[in-house]
Amino acid sequence: MKKFFHNAISVLMAFVVLFTTLSFTVDMHYCGDTLVDFSLFQKADDCGMEKATEALNCETPSMVEKSCCSDQQIVREANQDLKTSFDTISFGQQIFVASFFYTFINRFEGFDENTVPFKDYHPPFLEQDVLVLNQVFLI
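Residues numbered from 1 in each chain as written. Predicted model: local features only at pLDDT ≥ 70, side-chain atom pairs only at ≥ 80, totals over all residues. Heavy atoms only, no water.

Visitor: What's the story with the sheet that holds strand β3 (residues 69–76) in this structure? I'm lost.
Guide: The strands that make up a sheet pair up through hydrogen bonds in the backbone, lying either parallel or antiparallel. Strand order in the open sheet made by the 3 strands is β2-β1-β3, with antiparallel pairing throughout. Of all the strands in the sheet, the pair left with one neighbour each is β2 (34–39) and β3. The average undirected angle you get between the axes of adjacent strands in this sheet is 20°. The pairing of strand β1 (residues 24–31) with β3 spans 8 bridges and is antiparallel. When the bridges of β3 are listed, cysteine 31 appears paired with cysteine 69. (Pairing = 2+ DSSP bridges. Helix = DSSP H or I, 4+ residues; strand = E, 2+ residues; numbered from the N terminus. Axes fitted to C-alpha atoms, helices over the stretch in contact; angles between N-to-C directions.)

Visitor: I keep staring at the side chain of serine 39 and nothing clicks. Help me out?
Guide: As for its position among the elements, serine 39 is in strand β2. For serine 39, a relative accessible area of 9% gives the class buried. Reaching out from serine 39, the side chain makes a polar contact with the backbone oxygen of glutamine 42 at a distance of 2.6 Å. (Buried < 20%, exposed > 50% of the residue type's maximum accessible area, 1.4 Å probe, protein only. Polar contact = N/O pair within 3.5 Å; in protein donor to acceptor, adjacent residues only side chain to side chain.)

Visitor: Just checking my understanding: could you explain the pattern of salt bridges for this structure?
Guide: Any two side chains of opposite charge can pair, given that their charged atoms come close. According to the stated counting rule, one finds 1 salt bridge in the structure shown. With its nearest N and O atoms 3.7 Å apart, the salt bridge here joins lysine 43 to aspartate 71. In this pair, lysine 43 is assigned in the loop between β2 and α2 (49–59) and aspartate 71 in strand β3, connecting sequence segments 28 residues apart. Aspartate 71 gets classed as partly exposed once you look at its relative accessible area, which sits at 44%. (Salt bridge = Lys/Arg side-chain N within 4 Å of Asp/Glu carboxyl O.)

Visitor: Even after reading the chapter, I still don't get the side chain of histidine 29, so can you show me in this structure?
Guide: Tracing the sequence through the fold places histidine 29 in strand β1. Among the polar contacts made by the side chain of histidine 29, one reaches the side chain of aspartate 71 at a distance of 2.5 Å.

Structural data, given as C-alpha cells:
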C-alpha cells in the first residue's frame, strides 16, 4: 500500500510540474451569447454570420450594423522559473559541471595493452577431484 501511495504521489507531482510549465492558447468564437466553436491549436472557425453582414454593408453602405459575433482568446503563459540558462550559473558551478563531464567521458578510455594480471600464477595441483568425490555434478 505504501509503495502504491508513493508511486501515485510521484505521478501526481510529475503532472503538476508538466502543467505549470505548459503554455497554451484557447480560441473561442461566439455568435451572440452562444459558443459556436472552440479550438486549442488553431483559430476557431466562424459561424458564417460575419460574411453575411459584410455583404449587407456593401449593398447599403449608409447603414452600418454591428456584428453579433465575437471572438475571445485566452492565453496561459508558462511559468519560466524552472528554466535556467547556463549564464545564470556561477563560475564555481560551471567549473564543477565541466570537470564532471570531463571525468565522466574519460573514465571509459581503455588501456594501451591488454594485461592479464594472473598470467604468471598457475592454479594449485588437485590431489583429488572433489566434485567426483562428493558426486556433485552440474546437469
